[in-house]
Each structure stands twice: as C-alpha cells, then as structure tokens.
Amino acid sequence: MDDKGSVGKISVSSDSVSTLNSEDFVLVSRLGDETPSSTNNGSDDEKTGLKVISEEGVSFKIVGNGSEQQLQRELEDVLMDPSVADTGLRSEATMESLGGEGDRDPLPTTASPVAPGSDPLSAPPPKLEMVLPVQTAQESELNERSYRADESSSEGSPSSPIPDEDSVVFSQLTYLGCASVNAPRSEVEALRMMSILRGQCQLPLDVTLSVPGVSEGTVRLLDPNTSTEIANYPIYKILFCVRGHDGTPESDCFAFTESHFNAEIFRIHVFRCQIHEAVSRILYSFATAFRRSAKKAVLSSQQPAPLTPDSDLFTFTVSQEIREDDGKGTFSAVAKDKDKQSFKLRAGMDKKIVIYVQQTSNKELAIERCFGLLLSPGKNVKNSDMHLLDLESMGKSSDGKSYIITGSWNPNTPQFQPVNEETPKDKFMYMTTAVDLVITEVEEPVRFLLETRVRVCSPNDRLFWPFGKRNYTETFYLKLRQMERKERKSPASDTLYEVVSLESETEREKRKTTACPGVMPTGTTVLSPPEDDEEEDNDEPLLSGSGDVSKECAEKILETWGDLLSKWHLNLSVRPRQLPALVRSGIPEALRGEVWQLLAGCHNNDHQVEEYRTLITKESPQDSAITRDINRTFPAHDYFKDTGGDGQDSLYKICKAYSVYDEEIGYCQGQSFLAAVLLLHMPEEQAFSVLVKIMFDYGLRDLFKQNFEDLHCKFFQLERLMQEYLPDLYNHFLNVGLEAHMYASQWFLTLFTAKFPLYMVFHIIDLLLCEGISVIFNVALALLKTSKDDLIQTDFEGALKFFRVPVPKRYRSEENAKKLMELACGMKISQKKLKKFEKEYHTLREQQEQQEAPIDRYERENRRLQEANMRLEQENDDLAHELVSSKIALRKDLDNAEEKADALNKELLLTKQKLVDSEDEKRRLEEESAQLKEMCRRELDKSESEIKKNGSIIGEYKQICSQLSERLEKQQTANRGELEKIRFKVEGCEKCSSLFNKEGRVRAPVSTAPAGGSEEQDEEKEGLKSQLREMELELAQTKLQLVEAECKIQDLEHHLGLALNEVQAAKKTWFNRTLSSIKTVTGNQGKETT
C-alpha cells in the first residue's frame, strides 16, 4: 500500500475526520486540545485538533485546516516520518512500503522524445511505444512470492549488492518495449500485450539480460557493446514471467511484469530471443531466482543438506470437488448432507469433477501432466470397472502450490446409471474416483484413489448459489526409492525414483484398527480443516471473509420456508405475514440468494440485467481505487483470495458498474464488502441489482452524500440510544473522549461486512433487507451491551483496539453470533424515537451554526462555496473540453460524410451513364434480335422447303425402286416359267432329251446316230442355240437393268444421307445456338412483361 493508499478516502467535517474503511487508522476530533493555528491566505483556519491513532496506540497531532487535500498531505508527512513508520501501520492483508515522493528516481524515458520528468504511461493506451524505464531505488518491504510472485521469499535488503558470478547473462536478445497492464498476474493479458508489442515495435533494441541466481538480486538490462547498465529491476518487484506459446509468432518471445512506483502501476516488458531455445533457459533462470535465497544458497554450497528420517516418504493432499450445472450456464459446487461426508447430487444434471493435488512434505516433485481421470460407481472397484472422463483442463493453480485437474461427467451414460438414480432419504452410496499423474522424477505413473459417499436427489430440488467449498480431502503417503543408474530406463535424468508403496490415511487407520482391535479410529476419512477453528488470541484483527456458514438446516424449517416461498410466488407484491418472524431466526443458507432478491424486489429485473451488461463495458474514473480495494476484500475467503480469479473478477465488474451507474456517489470504500457478500449467494447480474436496491431504496447511499451529514446524524442517534439504554457505557465514553464516529463508521458504511464473521454478516443482511437500515442500531447496541463490562475497563486507546480486534473475534463462534442476533432482534427501537433524535441533531447543528462567529461561519461557507465553485469550474472545463472534442469529432464526421456524399454522387453519375449505355445496348441487341429472328424464320422456311423437296425426291426414288423390283420379280418369274416349259418340251422330245441332261446342260454328241438324220438334228440344234442365245441376252439385259436400279438406289441413299447430315449440321451451328439463346432471353422478358 502506498502513501495515498494508506491514507485512504477521508471525509472532512467540522466535527471529525475518519477513514471510510477504518482499517489502518482513525482520525479523532479532540475539541478540548490546544491546536496551533495555521494560516491560509492570511486568515485563520478552523482550529480543529486531529489525531492519527495507529494500531499500536501511538497518536500524532495534526492540525485540521478544512481542506481534504491539505489534510492528506499532512497525513503523508506524518506517515513518512521514520519514527512513525516504525510503529508499523498495518493493512488488512499485507504489509506495504511507506516511501514518500522524495524517494523516487526520475520517471522512465521512452524511445521517442519525452520531456524530462514526464510519465510515458500517461500517454493514450492505444499508442504503444518502446520504453526503457530506469527502476527506482526506493526501499520497500519484501513480500513472499512464487514463480508468479507468490512464494519467493526475500530475506534482507533489496539493495544489497549481488556478485556478478551469481548472475546468468543472456545475449542476442531484442527489447521490444513495455506497456502498463491492469492484471499483472494474468497470463492471457501478458500474452495479449506480448502480441501487440511484437507487432507494433518499430525500433527494437539489442540488449543483454543479466538474471541473478538469488531472490535478493536484480535483473539488469545491459548494452551489448559497452556493457553499461540501461535499466534494472529488483527480483522482489517482478511479479510474473511468461513465454509465448509454441506454434505462435510469439514463441520466440518472453516477458515479465513488475510493480512500478509502490505498486500503483504494473508494467510488462517484452523481449525476443534470436536463439529460440534460449527462452526456456531464461525462464528457468527466473524461476531459480524466485525460489532461492542468497543465504540459503551459501549454506547449501558449503555443506550438503542432511537427510530427514522420512526422506523417502512424500505426502500429498488430494481434494475432490463435484460441480453441477446450475441451469445458468455455469457449474457450481454441490452441497453436502448433514454428515459432511457425502455429496448431494441431482439426477440427470451434467457434472464436473475437480481434483486438487498438493504436496505437503519432502522435496518438491514436479507433476508433469495428468493422463487420466476415471470414475466408477461403488467401492473397492476393479481397474476394468473404471471409466475414463473427458479432461477439460489441467495445470497449476494461480499460487503454484497445487495441481488442478478438471473433467466433465455425463451421468446419463449407461455406465454411470447407478449414480444417476434417486437414492432413499436415509441411504447413500459410494463412488470411486481415480487420477493418474505423471511425475517427472518418478519412473512410473502414480494413481490416487478417492472413495466418496454420495446421495442422489430429484433434479427439481431447490437450487442455491454456493459460496464455500467443502471438498472431500484425503492424505496420501507415497514411499519412493531412488533408482541406480543401471536400473533406469532413461539414464539421462539426474534423479529418478520408483514407487515402493502408496497408502492413504484411511488405509492407515484401517491397518491400525486391524492391528489394535481394542482401539476404535476416530474417523476413516480426512476432511478439510474447519475454517472457523478458534485462532490463537493475538493483536491481529480478524480478516474479512472469515468463518464458514453451514448449509445444514432442519427439515421442518426447510418445509416451512418452502411453503412460504410457494405462497409468496403467487403474489410477489405482498410479503407473507410470517416472513419477519422467520427472517429474525435467520434465512437458511441454501435459500438466501432467492429470498434476498425477493425481499429487495429484484424478482423482475431483466432491464437492469441488460443495463449491467452495458455498464461493465464502460470506463470508470475510479478504476484504480476499485482495483486497489479488490485485493483487500475478503482475503480469508477461498472465492476471493486468488488474484485475478473468478471472485475478484466478478467483484471488480460489479464495483465498476455501480461507479458508472451512480455518477453522484460513484465508488466508495466499503461497497466492495457488501458486493462480495451478495456475490456469495447469487450471480453477478442479480448481485448488482440487489446492490442498487440497497443503496437507493434502503438509503445507504445517503450516508455518503453532503459531506457525510446523514452519517453524522446516525452517530448522534446511536449516542442518544446509548445514553438511554447503556448510560454507564455512555458516560465512560464521554469521560475518555470516545465518540461514535471513532468506532462505528465501518458499522454503518459497510453494514458490518468488513470485519465480522460471515455467519453474523449474513444474518444482519437478512434483517436489513426485511426491516430496513435501522437494524444497524439494534446490532450496534447489542454489540455494545455484550461488551460493556470489558469496554468500561479500557481507556481511549484500549477501547479502539478492543473494537478492532477482540469484538469481531468474539463472534467467530456460531453460538455467540446467534445469541447476539437474538439480543439485537429483542431490542425495540421505534422509528418515532429515531425521528425525534434526528430532529434534535438538526436543531443542535443549527444552534452551533448560530453560535459560531459570523466571520468563521462566513469563512467556512466561503471555503465551501470556493470548493463547490472549483468543482463546478472543473466540471465546466471538462464539459467544455468534451464539447470541443465532440465538435471536432462531429466536424470530422461531417467531412467524412461530405467526402462519402461526393464519392456517392460520382458513383451515381457513373451509374446513370452506365444505365444509358446499357439501354442503348439493349435497343441495339433488340434490333439485332429482330433481324436474327427474321433471318432465322427465312432460313427455317427454306430449310423446311428443302426438306420437303428432298422428301419428295426420296419418295419418288423409293417408288421407282419398288416398281423396278416388281418388274424384275415378274421378269424372273416369266423366265423361270419359260425355262420350265423348255425343260418339259426337251424332256418330252426323245431327241432333245438325248442332247440335254436333267440340269439343262448339253450332253456330248454320240456318233451312233444315223447319217440321214444328222442334218435335221443340226438345224434343230442351231435353232435351239439361237433361241438360247436370245434368252441369255435377254437375261443379261435384265441383270444390267437390275444393277443400274441398284446403283440409282445407292446414289439416292447417298444423297439422302448428305441432306440429313447438312440438316443436322445446320442445327448445331453458332448461328443456331445464338438464335436459341436469343429465343430464351426473349421468352423470359416476355414472361416478366406479362
């Protein structure tokens, strides 16, 4: 915490000045003390003596001058005094440095010209420049940090010199620049800035990096040519190191974040390695520097560390958490039954198994990865019965202490059916979970087996918003034996172990029970240690968010609340009559989220949910104050303790959204505690709606208005109530000079949420939402009444310390908190009485103003008006600047619009010209189309006439051919008839038959014929021969005619084929294709016209 952060937000009035969180100190009005007068512009200020009361009881006199800024400067001067710093002002979570402005070195310089003393980080964020800052040399207390700046211890002065031989020097590096970041430990943010700087860097700088080997050293940037130091960063100020992911352009880059100027600003420095393999070596050197102390390093170099008796025994704590789909897009931790050992599951709901593995003893073993998360219904199951779950994520936690594995579980699959069916009310069943881990130093995988009891209920059971994590936890004892080199499968590793045995705490207890039957074990499972155990009494205040609230509730109470809620939902505008009585007894934890929303009237707030989603995207002027307070809110609670975790992220968004929503009040210290309480019971959208209701409808924001005038009225009412109900204590406080604002500021502004245990805080919010803000008086009087005997025995400083430390610790016990709330509910404080006291307060204020000297009153009024005037002038300047900026932006937009209009006009003219050309082209194409149609029609008519002509010719040819065929057949038939007649005549004639054979051939002449008849035979032969020649001639002519006819037929067929080919070719021409397309287009246009 820096100086201004320690001072906190201060309210100034004529009566008192106090911090709004009341954590670090209290400013007390001592009207009776003598105060030196101070002058301001030649006039006396108000002579109000103020004291700063540290936690050690040391008080410092401060002169009040009526100005909040001057008062802060006075406080800073006191806090920077060495004698005061030694008293050790504490913050809520950690010790911070109190260095002043004078201890700072010049601000960093950038590569571009920057005026000396200017801060490059004040430049607009989008313009990223390479910055080479020179680290300040101011002294600061060292925090414990890990590789992510959470575990590395520092023992000694950060400015102690480290020998050069203890550093590792890396060359061939390029410095890409630096930028400011809001989340210094966020890997996503670091990788994003690494990508931006790598892409936008225009002037890279070659440097040499020197990384020390111990946590007391300093990282130095050196000039590679002259070895002169450019910048240095102490290890204790480096918060986080990260390298680019493999396969990305940033794989050759690494970066580290560092706190700058007392942790007000966080910056990231990005480097690129020319040798890709050097990135891993550099990060290893950083990890070594984080984990190693110089003193321990010297001792370890002198003598080897002695082995402990259990040097071969490694202890692990394995915790299991089951998360269930809550129907809102998120998975929430499931509830526990009364026995605290069985998970309560709902049938049919998607679930997730989360395993936390943490080593608690012996040398740290590195968990490399998880290669299997298995689940099976039942107990003592076989390996073959285990079913593998889908792994969603694995890796180390943000603090680096544990390894987290998350797997998804679909209970509707057949193998998980036994744990998806409702179990009887008084029954439960077992479920076995196994996680297989690969440990770097162990030869074989290690399996941790968890057997848990579960109950399955109906999916219609009422859903609640869980806030605490009650995991099932088991302790495992892993016994290892170091392997010889010849036994190793991978001889390259230095140290390698093999598993000798793995035993759980449950198995140990069973073994002891078996060995000693007469001794019964106290329990077979090891649960998480209770968070509400009584702590050792000391002077340390109770951390906010302490205590655990059980979700257990009697069945009758749950039934009563269930009936009430059922009736209430029928008519949400009217509260049930029995509601106040039930609320005074406390709302069941499982129902608080729903009941709080109904009490606040947020059951129908869809418009506010949408407004919230818009608000979180806007910038808040109080972002730095919100970020600073988030880390101090509920540090004792698991949901909010992790920096950059889900809890802190949701809390930041709610506070930021409200600061934008309520511009008059904005964000005030104390709002984060109330928002955190709401977040533990409902999602952030609903929590924001309830917060707005409490601030506006319940009047909490009125306490912050008008210079906290209403808050001082509340203090007066409390003192008057003390005077009536607790006169002894009132008189004692009056004697020691203790006023209500010195101890009750936090009670009213944070509604008791900042310091008291959660059980008591939740019950107070129950009453507040049901009965109004006046219940704060009931609780305050109850606290004072129960502590009256102790307070009467204290002096001024002792009373303040008693309010700060013992009072909150007294109610860590749930029983004590119940008794206190019963006492508070039993006190009857009428609104009429409070109104009466309010009138008295205003009357006294008027009397004081009247009794006050006119000059003093006018001076005070003048100062108030001057402050208001300055504020209004500032607002006017801001509005004027905004107006000018808006005008400039509008002028630019107008110029852009005119340019766009000119461009559009030009495009319009071009389009019109194109339209005219298109119309001309259309007309020309229509004319050509008409001509083509006419030409096509003529060609078609011509083609049709030619086809008809060719068809007639073909028909004539066919007719001629058929006639010739008929004539040929007739002639052949006649010839065959004539030949038959001649054959018959020849056969009938004896002479002729002797000359011709049966085939009609001439036989060889026979010489036996008589000589007288030879002549007649010769004549007859000659006649027959001549007749035969005639017949042969006629046959040859007929054959010739037949051949001619066949030739003509072939010629006609050839011509017919050519004609058909010409017709077919004419159909496939470009002309016909063009004609067809024109026909198609013309037909479509005709249809459109129709």
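Residues numbered from 1 in each chain as written. Predicted model: local features only at pLDDT ≥ 70, side-chain atom pairs only at ≥ 80, totals over all residues. Heavy atoms only, no water.

Draft legend 1. Examining the overall build of the protein more closely. A tally of helices and strands in the protein yields 30 helices and 30 strands. Counting over 1090 residues, the protein shows a buried share of 42%. Carbon and sulfur atoms form 51% of the exposed surface of the protein, whose accessible area is close to 59,700 Å². (Helix = DSSP H or I, 4+ residues; strand = E, 2+ residues; numbered from the N terminus. Buried < 20%, exposed > 50% of the residue type's maximum accessible area, 1.4 Å probe, protein only. Areas by Shrake-Rupley, 256 points an atom, 1.4 Å probe, with all protein chains shown as cover.)

Draft legend 2. Just the pairing of strand S24 (residues 390-396), in detail. In terms of strand pairing, S24 meets strand S25 (residues 403-409) through 6 bridges, oriented antiparallel. Bridge pairing in S25 places Asp390 opposite Ser408. Hairpin connection from S24 to S25: 6 residues lie between these consecutive antiparallel strands, with Gly400 at a positive phi of about 75°. (Pairing = 2+ DSSP bridges.)

Draft legend 3. The nonpolar core, seen in detail. Formed by 112 residues in total, the largest nonpolar core has its most connected members in Leu738, Tyr743, Trp747, Met760, Leu783 and Leu784. It is helix H20 (residues 758-771) that contributes the most residues to this core, 11 residues altogether. Excluding its chain neighbours within four sequence positions, the residues that come into contact with Met760 are Val779, Leu783, Tyr811, Ala817, Leu820 and Met821. Grouped together as the second largest cluster of nonpolar side chains are 36 residues, Cys370, Phe416, Val454 and Tyr472 included. (Core = buried A, V, L, I, M, F, W, Y, C linked by side-chain atoms within 4.5 Å. Contact = heavy atoms within 4.5 Å.)

Draft legend 4. Quick look at helix H16 (residues 684-696). Over its 13 residues, H16 runs 18 Å from end to end, which matches the ideal 18 Å to within 8%, given 1.5 Å per residue. Within H16, the full set of buried residues consists of Glu684, Glu685, Gln686, Ala687, Phe688, Ser689, Val690, Leu691, Val692, Ile694 and Met695. Taken together, the buried residues of H16 touch helix H10 (592-600), helix H11 (606-615), helix H14 (646-661), helix H15 (671-679) and H20. (Expected span 1.5 Å × (residues − 1).)

Draft legend 5. Here's a closer look at the sheet that holds strand S20 (residues 342-346). Ordered by their spatial adjacency, 6 strands build an open sheet running S19-S20-S27-S26-S22-S23, and the pairing between neighbours is mixed. Only two strands of the sheet have a single neighbouring strand rather than two, namely strand S19 (335-336) and strand S23 (387-388). Of the strand pairs in this sheet, S19 and S20 are connected by 2 bridges, and their pairing is antiparallel. Each residue of the ladder has a partner; that of Lys336, found in S20, is Phe343.

Draft legend 6. How the structure looks around a negative patch on the surface. Residues Glu1015, Glu1016, Asp1018, Glu1019, Glu1020 and Glu1022 make up a contiguous surface patch of negative charge. Locating Glu1019 in the fold gives a position in helix H29 (residues 1014-1067). Note on Glu1019: relative accessible area 60%, which makes it exposed. (Patch = residues over 30% accessible without salt bridge, like charges linked within 9 Å, V, L, I, M, F, W, Y side chains within 5 Å. Salt bridge = Lys/Arg side-chain N within 4 Å of Asp/Glu carboxyl O. Lys, Arg positive; Asp, Glu negative; His and termini not counted. Charge placed at Lys NZ, Arg CZ, Asp CG, Glu CD.)

Draft legend 7. Summary view of the packing of H14 against H16. In contact at an axis separation of 10 Å, H14 and H16 are set at 45° when each is read in the N-to-C sense. It follows that H14 is oblique to H16 by the angle criterion. Here H14 and H16 pass one another in a crossing that is right-handed. For the pair formed by H14 and H16, the contact residues are Ser650, Lys653, Ile654, Ala657, Tyr658 and Tyr661 on the first element and Glu684, Ala687, Phe688, Leu691, Val692, Met695 and Phe696 on the second. Looking at the contact of H14 with H16, its residues break down into 10 nonpolar, 1 polar and 2 charged. (Axes fitted to C-alpha atoms, helices over the stretch in contact; angles between N-to-C directions. Parallel < 35°, antiparallel > 145°, perpendicular 65-115°, else oblique. Left-handed = near helix turned anticlockwise from the far one by under 90°. Nonpolar A, V, L, I, M, F, W, Y, C, P; charged D, E, K, R; others polar.)

Draft legend 8. A look at a nonpolar patch on the surface. Residues Ile953, Tyr957 and Ile960 make up a contiguous nonpolar surface patch of about 230 Å² in total accessible area. Positionally, Ile960 belongs in helix H27 (residues 854-988). The exposure class of Ile960 is partly exposed, given its relative accessible area of 43%.

Draft legend 9. Quick look at the packing of helix H17 (residues 709-725) against helix H18 (residues 727-736). Following both chains from N to C, one finds H17 and H18 inclined at 125°, their axes separated by 5 Å at the closest point. The angle between H17 and H18 places the two elements in the oblique class. Residue-level inspection shows Glu719, Met722, Gln723, Glu724 and Tyr725 of H17 in contact with H18, the latter providing Pro727, Leu729, Tyr730 and Phe733.

Draft legend 10. Broad picture of unusual backbone geometry. Backbone geometry at Asn362 places phi at a positive 70°, although glycine is not the residue there. Its place among the elements puts Asn362 in the loop between strand S21 (351-359) and strand S22 (367-377). Residues other than glycine seldom take positive phi values, yet Phe752 does so here, at roughly 65°. Looking at the element boundaries, Phe752 is found in the loop between helix H19 (741-750) and H20. Since its relative accessible area comes to 1%, Phe752 is described here as buried.

Draft legend 11. Just the side chain of Thr315, in detail. Tracing the backbone shows Thr315 in strand S17 (residues 313-325). Only 2.9 Å separates the side chain of Thr315 from the side chain of Ser361, close enough to count as a polar contact. In contact with Thr315, not counting residues within four places along its chain, are Gln358, Gln359, Thr360, Ser361, Thr475, Phe476 and Tyr477. (Polar contact = N/O pair within 3.5 Å; in protein donor to acceptor, adjacent residues only side chain to side chain.)

Draft legend 12. Spotlight on the packing of aromatic side chains. For the structure shown, the criterion picks out 29 aromatic pairs. When the centroid spacing of 4.5 Å and the interplanar angle of 5° are considered together, the rings of Tyr743 and Phe803 count as stacked. One end of the pair, Tyr743, is in helix H19; the other, Phe803, is in helix H23 (residues 796-804), and 60 residues separate them in sequence. Pair check on accessibility: Tyr743 and Phe803 agree, each one buried. Centroid distance Phe748 to Phe777: 5.5 Å. Interplanar angle 65°. Geometry classified as edge-to-face. In this pair, Phe748 sits in helix H19 while Phe777 sits in helix H21 (residues 775-786), placing the two residues 29 residues apart along the sequence. The two residues Phe748 and Phe777 agree in class, both being buried. Each member of the aromatic cluster is reached from another via a ring pair, and the members are Tyr175, Tyr233, Phe254, Phe256, Phe271 and Phe286. Here the basic side chain of Arg453 rests over the ring of Phe428, its NZ or CZ set 4.0 Å away from the ring centre. (Phe/Tyr/Trp six-rings, centres within 6.5 Å; stacked < 30°, edge-to-face > 60°. Lys NZ or Arg CZ within 6 Å of the ring centre and 35° of its normal.)

Draft legend 13. Examining the pattern of salt bridges more closely. Enumeration over the complete set of coordinates arrives at 39 salt bridges. Between Arg613 and Glu610 there is a salt bridge; the shortest N-O distance is 3.2 Å. In this pair, Arg613 and Glu610 both sit in helix H11, 3 residues apart, roughly one turn of the helix. Connected via shared salt-bridge partners are Glu934, Arg937, Arg938 and Asp941.

Draft legend 14. Inspection of the pairing of strand S28 (residues 472-482) at higher detail. Counted residue by residue, S28 has 8 buried out of 11 residues, so it is predominantly covered. Relative to S28, S17 runs antiparallel, the two being bridged by 8 bridges. Paired with Phe314 across the two strands is Leu478, which belongs to S28. Here 7 bridges tie S28 to strand S29 (residues 497-504), and the two strands are oriented antiparallel to one another. Across the sheet, Arg481 pairs through a bridge with Glu498, a residue of S29.

Draft legend 15. Geometry of the confidence of the model for the protein. When the pLDDT values of the protein are averaged, the result is 75; 74% of them are 70 or greater. Per-residue pLDDT stays below 50 along residues 293-310; that stretch engages in 12 contacts with residues further than four places along the chain or on separate chains. Note on residues 516-537: pLDDT is under 50 here. Beyond four places in sequence and across chains, it has 30 contacts. (pLDDT = per-residue confidence, 0-100.)

Draft legend 16. Inspection of helix H12 (residues 623-630) at higher detail. Restricting attention to buried positions, one finds in H12 the residues Asp623, Ile626, Asp629 and Ile630. Buried residues of H12, viewed axially, fall in a sector of 135°; they line one side. Lining the buried residues of H12 we find H14 and H15. (Arc of directions from axis to C-beta.)

Draft legend 17. Geometry of the environment of Pro683. Following the sequence through the fold, Pro683 ends up in the loop between H15 and H16. For Pro683, a relative accessible area of 11% corresponds to the buried category. For the pair Pro683 and Thr330, spaced 353 residues apart in sequence, the C-alpha separation works out to 9.7 Å.

Draft legend 18. Inspection of the environment of Ser813 at higher detail. Topologically, Ser813 is positioned in the loop between helix H24 (806-810) and helix H25 (814-826). Separated by 54 residues in sequence, Ser813 and Tyr759 have C-alpha atoms that sit 9.0 Å apart.

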